[in-house]
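A closer look at the structure
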Amino acid sequence: MPQPPRAPAHRGAAAIGEFTGPSSGAPGAGELLQLLRDGQPRTRAELSRLTGLARSTVSLRVDALLASGLLAPSGEAASTGGRPPARFAFNPKARVVAGVDLGATHGRVALTDLTGRPLSEVAEHVDISAGPITVLDWVVATTQRLLDEAARDSGDLVGIGIGLPGPVEHSSGRPMRPPIMPGWDGFDVPGHLRRHWDVPVLVDNDVNIMALGEHVMAHPNLDHLLYVKVATGIGAGIISGRRLLRGAVGAAGDLGHVAAPHAPDVLCTCGNTGCLEAVASGRAIVKHLTAAGVPAATNSDVVALVSGGNIAAAQAVRQAGRTIGEVLATCVSLLNPELVVIGGSLAQAGESLIAGVREVVYGRSLPLATVRLQIVPATTGTQGGVIGAATMAIQHALAANRIDEALAGA
Ligand SMILES: [Zn+2]
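The sections below set out a description of the structure shown in this document.

**Here we look at the overall build of the protein**
Helices and strands together make up the secondary structure of the protein, namely 14 helices and 15 strands. Relative to its length of 410 residues, the protein is compact, with a C-alpha radius of gyration of 23 Å against a globular reference of 22 Å. With respect to the three principal axes, the spread of C-alpha positions in the protein is 80 × 50 × 40 Å. In the protein, which comprises 410 residues, the share counted as buried stands at 52%. A total of about 17400 Å² of accessible surface is found on the protein, and carbon and sulfur atoms cover 53% of it.

**Digging into the nonpolar core**
Val228, Val302, Ile324, Leu328, Val340 and Ile342 are the most contacted members of the largest nonpolar core, which totals 40 residues. If you list the elements that add at least two residues to this core, you get strand E11 (225–230), strand E12 (234–240), helix H7 (276–280), helix H8 (282–291), helix H9 (299–307), helix H10 (311–335), strand E14 (339–343) and helix H11 (350–364). Counting residues per element, this core draws most heavily on H10, at nine residues. Among residues more than four places away in sequence, those in contact with leucine 328 are Leu226, Val228, Leu255, Val340, Ile342, Val357 and Val361. Core analysis: the second largest hydrophobic core is formed by 30 residues, Val139, Leu157, Met181 and Phe187 among them.

**Re the coordination of the zinc ion**
Under perfect tetrahedral coordination by four donors, a metal shows angles of 109.5 degrees; under perfect octahedral coordination by six donors, it shows angles of 90 or 180 degrees. Looking at the zinc ion, one finds its protein donor set to be His257 (ND1), Cys268 (SG), Cys270 (SG) and Cys275 (SG), positioned 2.0 to 2.3 Å from the metal centre. Considering all four donor atoms around the zinc ion, the spread of angles at the metal, 101 to 123°, places the coordination shape in the tetrahedral class. Considered as a linear motif, the donors of the zinc ion on their single chain read H-x10-C-x1-C-x4-C. In this pair, histidine 257 is assigned in the loop between strand E13 (243–245) and H7 and cysteine 275 in the loop between E13 and H7, connecting sequence segments 18 residues apart. What makes histidine 257 partly exposed here is its relative accessible area of 34%.

**Things to note about the pairing of strand E10 (residues 201–205)**
Most of E10 sits out of view: five of its five residues are buried. Here E10 shows a buried face lined by Val201, Val203 and Asn205 and a second buried face lined by Leu202 and Asp204.

**With respect to the pattern of salt bridges**
Inspection of the entire model under this criterion finds 16 salt bridges. Glutamate 149 is the partner of arginine 145 in a salt bridge, and the nearest nitrogen-oxygen pair spans 3.6 Å. Here glutamate 149 and arginine 145 lie together in helix H4 (residues 132–149), a separation of four residues that amounts to about one turn. Classification of arginine 145 by relative accessible area gives partly exposed; the value is 39%.

**A look at H9**
Of the residues making up H9, those classed as buried are Asn299, Val302, Val303 and Val306. With its buried residues spanning 95° around the axis, H9 presents them on a single face. Downstream of H9 by a residue or two, glycine 309 has a phi angle that is positive, lying close to 90°.

**What about the side chain of threonine 323?**
With respect to the helices and strands, the residue threonine 323 is situated in helix H10. Contact partners of threonine 323, with chain neighbours within four places excluded, come to Ala260, Leu276, Val279 and Ala280.

**Focus: unusual backbone geometry**
Backbone geometry places arginine 242, a non-glycine residue, at a positive phi of 70°. Examined against the element boundaries, arginine 242 turns out to sit in the loop between E12 and E13. The exposure class of arginine 242 is partly exposed, given its relative accessible area of 30%. Although it is not a glycine, histidine 262 adopts a positive phi angle of roughly 60°. When you line up the elements, histidine 262 lands in the loop between E13 and H7. Looking at histidine 262, the relative accessible area reads 73%, which means it is exposed.

**A few points about the sheet that holds strand E3 (residues 86–90)**
Taken in spatial order, the three strands line up as E1-E3-E2 in an open sheet, and their pairing is antiparallel. In this open sheet, the two strands that pair with only one neighbour each are strand E1 (42–43) and strand E2 (71–76). The pairing of E1 with E3 spans two bridges and is classified as antiparallel. Within E3, the position partnered with arginine 42 by the bridge is phenylalanine 88. Together, E1, E2 and E3 form the strand contacts of helix H1 (residues 29–36), whose direction differs from that of E3 by roughly 85°.

Thresholds, definitions, all that
Residues numbered from 1 in each chain as written. Predicted model: local features only at pLDDT ≥ 70, side-chain atom pairs only at ≥ 80, totals over all residues. Heavy atoms only, no water. Helix = DSSP H or I, 4+ residues; strand = E, 2+ residues; numbered from the N terminus. Rg over C-alpha atoms; globule rule 2.2 N^0.38 Å. Buried < 20%, exposed > 50% of the residue type's maximum accessible area, 1.4 Å probe, protein only. Areas by Shrake-Rupley, 256 points an atom, 1.4 Å probe, with all protein chains shown as cover. Core = buried A, V, L, I, M, F, W, Y, C linked by side-chain atoms within 4.5 Å. Contact = heavy atoms within 4.5 Å. Donors = N, O, S within 2.8 Å, 3.2 Å for Na, K, Ca; no water. Tetrahedral: all angles 85-135°; square planar, octahedral: opposite > 155°, others 65-115°. Salt bridge = Lys/Arg side-chain N within 4 Å of Asp/Glu carboxyl O. Arc of directions from axis to C-beta. Pairing = 2+ DSSP bridges. Axes fitted to C-alpha atoms, helices over the stretch in contact; angles between N-to-C directions.

Put into structure tokens, the structure is as follows:
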């Protein structure tokens, strides 16, 4: 079975809908596969009509994809007389990828099929501050265990996607001065994992992979989505034209340290004052409530207080929502998303947070930007991270040009 090429860590991989056809001539097998990734079975004649390729060319491409296992026979179409034509469909079980979601104190690894659907999953307490070697060795051991349990050999693994709780230079997969990850600054994460498996390893920050996970799981038909994580920190993942926008060095969406309009002069962990994170994050709400005589130590405490009907907590969360909304109103004008998804642990505080966000975003934005805009809570929960990480790896591994290279080298 052909394997995707032995690529360097990766280079500027697109997240969603990456179409990178062969450099010249007619669509290759890789591009044919992109058509079929919707899972719908098709005949050679249908593929010929859809691509404009000659039937004989389609047959060659289909044969190559069948041999790789990425395509599988899928019954027969209705006959118009004579032998009914065979149909083929994308076979998402042909290979697996590993999706890894690392937080401050948790680690989660899922083995998924080629649609990003988890086949098996492990979640454990993992301390990111233990440093890259300890944590990544746990990732390697856990992934190997999942492969063994699924009776998959390492040749079936075609990629690894990893989300980290800090800024990441996506093109190199190296964390960049991550505040809560001592020892990780500049560490070659893909290099460490590729000592064990010679596959592409893609690394991004946790908010971007949560945005990807939310997109593929809950809103696969939307083109423009802004995912905002409100937890101990605040950040956003931007999906525009079905692609994750990362910016020049992967810092796009890093909203935590923009100045919140009308915010008090509260000192932030970054050294500035009045940052969004300093006045509207879980950490800020915990501080504010405790100072007001409503003791809270964690984001879960805040969520529990709101759920239990504590008015001061509900007001504090709603005010945080308004402050976040002031920044998001600017983002909405800039990006014109169809949907703003609010995730992270504070989003579990019922309607309070979202109500505050909606109040300001709808009030502050021009009608054209909000006419179709919805602001909703995230729905993917704890699985969003691993699914997003797996999706990032799949989009890379199944890109048309990589499939063509792999088939050519078979
Ligand atoms: Zn700051």
